[in-house]
Amino acid sequence: MNGDGSLIRLEGIHKWFGHENHVLRGIDLTVTPGEVLVIIGPSGSGKSTLLRTINVLEEPTTGRVLFRGTELTDVRTDLNRARAQIGMVFQQFNLFPHRTACQNITLALVNVLGMSRADARGRALAHLRQVGLEDKADAHPGHLSGGQQQRVAIARALAMRPKLMLFDEVTSALDPELVKEVLVVMQRLARGGMTLVVVTHEMSFAREVGSRLIFMDEGRVVEEGEPRRVFERPVHPRTRQFLAQVSLDEATSGAENQTNGDAVPAYPPSPA
């Protein structure tokens, strides 16, 4: 744990790509154990770059990243060892197509954690059960839907028993009818006390499941607070503009779906 009780602390993070593309501009951020931090904002605002900076998949140009008291941006730090405690799920599923769902999960357990194949399979089945896919253990990715593949990717990350889970727009590559099954798994993780940092365009999830929300624009954290407060009473003009456009887009999409005879599912709220 960091000295302030946080799990993750980012200090003065700047990220440049080349000489002209200043993607992150002075980010200071903490994430506490059990928190569900949701990051929203327009495309190109730096959300995914910020998320990837947390486990130093993107190395900041300047600034420090500390995880459980260890500075990940220190060249002396064993990043692979630290990253084993940080699970990450991407937009694309990144499953090995020639391996079964179970084998996709056991690979790191055997090769990184040194588990026996029998113990690794037992843990893999437990986490497939956790995401509702134990019956698909021996199926190859090509025989799974996009939503099922993403749930296998979540199970693979969870099997490493991480202290923190990062989700980078994990529903953006899915057909609309498959989105909810992935979000429900993430909601269960949140209810179970897992620390999550989630970049998403799913506003219902951000509002109902997040414990804290930040809105980014042009590489800066423009607004931060309890999700319902931000959605209902945004302070910054840019936040108000963004949420107004999101509401308009959702209303238009909902009307089109109803015209086509499709119900528009509401994301189930978290229990009070």
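Fair warning: this is a prediction, and the values are worked out from it, not measured in the lab.

An account of the nonpolar core is needed here, citing residue identities and associated values.
Core analysis: the largest hydrophobic core is formed by 54 residues, its most contacted members being Ile40, Ile154, Met165, Phe167, Met186 and Leu196. Counting residues per element, this core draws most heavily on helix α6 (residues 176-191), which supplies 8 residues. Apart from residues lying up to four places away in sequence, Phe167 is in contact with Leu51, Val89, Ile154, Met186, Leu189, Leu196, Val197, Val198 and Val199. Among the nonpolar cores identified, the runner-up in size contains 27 residues, and Ile8, Leu10, Ile39 and Leu50 belong to it.

Kindly report on the pattern of salt bridges, identifying the contributing residues and their values.
For the structure on display, the rule yields 18 salt bridges. When the shortest N-O distance is used, the salt bridge between Arg129 and Glu134 registers 3.0 Å. Salt bridges here are not isolated pairs; linked through shared partners, they connect Asp4, Arg9, Glu11, Arg64 and Glu71.

Any chance you could break down empty space enclosed by the protein for me, citing the residues and the numbers?
To find the voids left in a structure, one rolls a probe of water-molecule size over its atoms. Following the criterion strictly, the structure yields 1 cavity of 30 Å³ or more and no others. By volume, the largest cavity is sized at about 30 Å³. Along its surface, the largest cavity is lined by Glu169, Val170, Thr171, Leu183, Met186, Val198, Val199 and Thr200. Of all the secondary-structure elements, those providing two or more residues to the lining of the largest cavity are α6 and β8 (196-199).

Describe the sheet that holds strand β6 (residues 86-89), naming the residues involved and giving the relevant values.
Strand order in the open sheet formed by 6 strands is β6-β7-β8-β3-β9-β10, and the pairing between neighbours is mixed. Both edges of this open sheet fall to β6 and β10 (220-225), since each of them pairs with a single strand only. Geometrically, the sheet is characterised by an average inter-axis angle of 15 degrees between neighbouring strands, direction not taken into account. Where strand β3 (residues 36-40) and β8 come together, 4 bridges link them in parallel fashion. Counterpart to Val36 in the pairing with β8 is Leu196. Packed on one face of the sheet, helix α5 (residues 146-158) meets β6 and β7 (164-168) and runs near 170 degrees to β6.

With reference to specific residues and values, describe the packing of helix α3 (residues 101-111) against α5.
Contact pair α3 / α5: the axes reach a minimum separation of 9 Å and the direction vectors enclose 25 degrees. The angle between the axes of α3 and α5 places the two elements in the roughly parallel class. The two elements α3 and α5 meet at a crossing, and its hand is right-handed. Where α3 abuts α5, its residues Ala101, Asn104 and Ile105 lie against Val152, Ala155 and Arg156. Of the residues contributing to the contact of α3 with α5, the split by class is 4 nonpolar, 1 polar and 1 charged.

Calculation notes
Residues numbered from 1 in each chain as written. Predicted model: local features only at pLDDT ≥ 70, side-chain atom pairs only at ≥ 80, totals over all residues. Heavy atoms only, no water. Core = buried A, V, L, I, M, F, W, Y, C linked by side-chain atoms within 4.5 Å. Buried < 20%, exposed > 50% of the residue type's maximum accessible area, 1.4 Å probe, protein only. Helix = DSSP H or I, 4+ residues; strand = E, 2+ residues; numbered from the N terminus. Contact = heavy atoms within 4.5 Å. Salt bridge = Lys/Arg side-chain N within 4 Å of Asp/Glu carboxyl O. 1 Å grid on protein atoms, 1.4 Å probe; cavity = no way out; pocket = protein on both sides within 12 Å on 5 of 7 lines; lining within 4 Å. Points joined across faces, edges and corners; volume = space filled by probe spheres on them. Pairing = 2+ DSSP bridges. Axes fitted to C-alpha atoms, helices over the stretch in contact; angles between N-to-C directions. Parallel < 35°, antiparallel > 145°, perpendicular 65-115°, else oblique. Left-handed = near helix turned anticlockwise from the far one by under 90°. Nonpolar A, V, L, I, M, F, W, Y, C, P; charged D, E, K, R; others polar.

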